[in-house]
Amino acid sequence: DAAKAACARALAADPELSWALYLSAVLDLKTASGNASGIEKLKKAIAVDPELGQAWRTLAKAYDRTKDKAAYEKLAADYQAKFGQPLPP
């Protein structure tokens, strides 16, 4: 709860803090009901900071967990283009 509150405060101050978005998404993804919000936060974190590899990899895991094969495949192609290597499993 303290971590969620800290992320919320950081995002209230600056909604484009990529690490706060990433960490908030990770916390959301701890429950199945948080999949949608976690995925949206990860997508925003990547848009804000395309170099944040952790967000890409966590988003891939979220897509895999939600069985969104099309989104996973697009993310994998974008990751390959961005980083010059395959998305780790």
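Just so it is clear, the model here is predicted, and its values are computed rather than measured.

### Here's the deal with the pattern of salt bridges
Summed over all chains, the structure comprises 5 salt bridges. Measuring nitrogen to oxygen at the nearest pair gives 2.7 Å for the salt bridge that ties Lys 41 to Asp 28. A residue pair is termed long-range when its members are at least 10 positions apart, and Lys 41 in helix 3 (residues 35–48) and Asp 28 in helix 2 (residues 18–28) qualify at 13 residues. What makes Lys 41 partly exposed here is its relative accessible area of 23%. On the accessibility criterion, Asp 28 (12% relative accessible area) is buried. Close ionic contact of Lys 82 with Glu 51 constitutes a salt bridge, the shortest N to O distance being 2.5 Å. Remark: Glu 51 occurs in the loop between helix 3 and helix 4 (53–65) and Lys 82 occurs in helix 5 (residues 69–83); sequence separation between them is 31 residues.

### Some points on the nonpolar core
Formed by 21 residues in total, the largest nonpolar core has its most connected members in Leu 42, Ala 55, Leu 59, Tyr 63 and Leu 75. Broken down by secondary-structure element, the contributors of at least two residues to this core are helix 2, helix 3, helix 4 and helix 5. For this core, the element with the highest residue contribution is helix 4, accounting for 6 residues. Non-local contacts of Tyr 63, meaning those with residues more than four positions away in its chain, are made with Ile 39, Lys 43, Asp 68, Ala 71, Tyr 72 and Leu 75.

The rules behind these values
Residues numbered from 1 in each chain as written. Predicted model: local features only at pLDDT ≥ 70, side-chain atom pairs only at ≥ 80, totals over all residues. Heavy atoms only, no water. Salt bridge = Lys/Arg side-chain N within 4 Å of Asp/Glu carboxyl O. Helix = DSSP H or I, 4+ residues; strand = E, 2+ residues; numbered from the N terminus. Buried < 20%, exposed > 50% of the residue type's maximum accessible area, 1.4 Å probe, protein only. Core = buried A, V, L, I, M, F, W, Y, C linked by side-chain atoms within 4.5 Å. Contact = heavy atoms within 4.5 Å.

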